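Working through the structure, step by step
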Amino acid sequence: MGKLTVRALRAVLVVVLTGTVCVQASMVWALATDPEQGSLPLTPLRLVTILGMVSVQVALVCVWRLVTMVRRGTVFSHAAFRYVDTVIGAIVAASLVWFAVTALNAPGQREDPGVTVIMGGVGVAVLGVALLVLVMRTLLAQAVARDVEASRMRAELDEVI
């Protein structure tokens, strides 16, 4: 992975992390100062938004660590699995949070249930991303196994020579 790619990815991660912190801060501010008005209960939506941002932040930190491992050439190790597993968990948590938002929003969409169906579809798509990362985790496991096997064979060859 080139330096420019790593810097660009890290810049994106910093921007998204900053954005999630700003959203969390605004939700906490709104919880503390803004009384609920209107038909939609805002407090549960605000709390769910804060939790959703936490799951995004966890995933961002793990991706940062994985990029660091790639730059150091240590990504093909068992240590990487901890971060990949955490990313998968964070994505699943984000989808569950999205399903909670969908459920909280559904009563207000009785006249147009299509919005709720679309929101449910987005939640399923987010779960699909978790499955995609799970597939990539399997590829990482295969690469680590091959790397371990290659190291073992190299050591045997060195003994013979």
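Look up a bit, the structure's there.
Residues numbered from 1 in each chain as written. Predicted model: local features only at pLDDT ≥ 70, side-chain atom pairs only at ≥ 80, totals over all residues. Heavy atoms only, no water.

1. Some thoughts on the packing of aromatic side chains
Enumeration over the complete set of coordinates arrives at 0 aromatic pairs. Here the basic side chain of Arg10 rests over the ring of Trp64, its NZ or CZ set 4.7 Å away from the ring centre. The ring of Tyr83 carries the charged tip of Arg82 above its face, separated from the ring centre by 4.8 Å. (Phe/Tyr/Trp six-rings, centres within 6.5 Å; stacked < 30°, edge-to-face > 60°. Lys NZ or Arg CZ within 6 Å of the ring centre and 35° of its normal.)

2. Side note on the packing of helix α2 (residues 42-72) against helix α3 (residues 79-105)
In contact at an axis separation of 9 Å, α2 and α3 are set at 160° when each is read in the N-to-C sense. As far as their axial angle goes, α3 and α2 are roughly antiparallel. As α2 runs across α3, the sense of the crossing is left-handed. Across the contact of α2 with α3, the residue classes break down as 22 nonpolar, 3 polar and 1 charged. (Axes fitted to C-alpha atoms, helices over the stretch in contact; angles between N-to-C directions. Helix = DSSP H or I, 4+ residues; strand = E, 2+ residues; numbered from the N terminus. Parallel < 35°, antiparallel > 145°, perpendicular 65-115°, else oblique. Left-handed = near helix turned anticlockwise from the far one by under 90°. Nonpolar A, V, L, I, M, F, W, Y, C, P; charged D, E, K, R; others polar.)

3. Overview of the nonpolar core
Leu66, Met69, Ala80, Val84, Val133 and Leu140 are the most contacted members of the largest nonpolar core, which has 15 residues in total. Looking at this core, the element that brings in the most residues is α3, giving 7 residues. Contacts of Val133, omitting those with residues within four sequence positions, involve Val84, Val87, Ile88 and Ile91. (Core = buried A, V, L, I, M, F, W, Y, C linked by side-chain atoms within 4.5 Å. Buried < 20%, exposed > 50% of the residue type's maximum accessible area, 1.4 Å probe, protein only. Contact = heavy atoms within 4.5 Å.)

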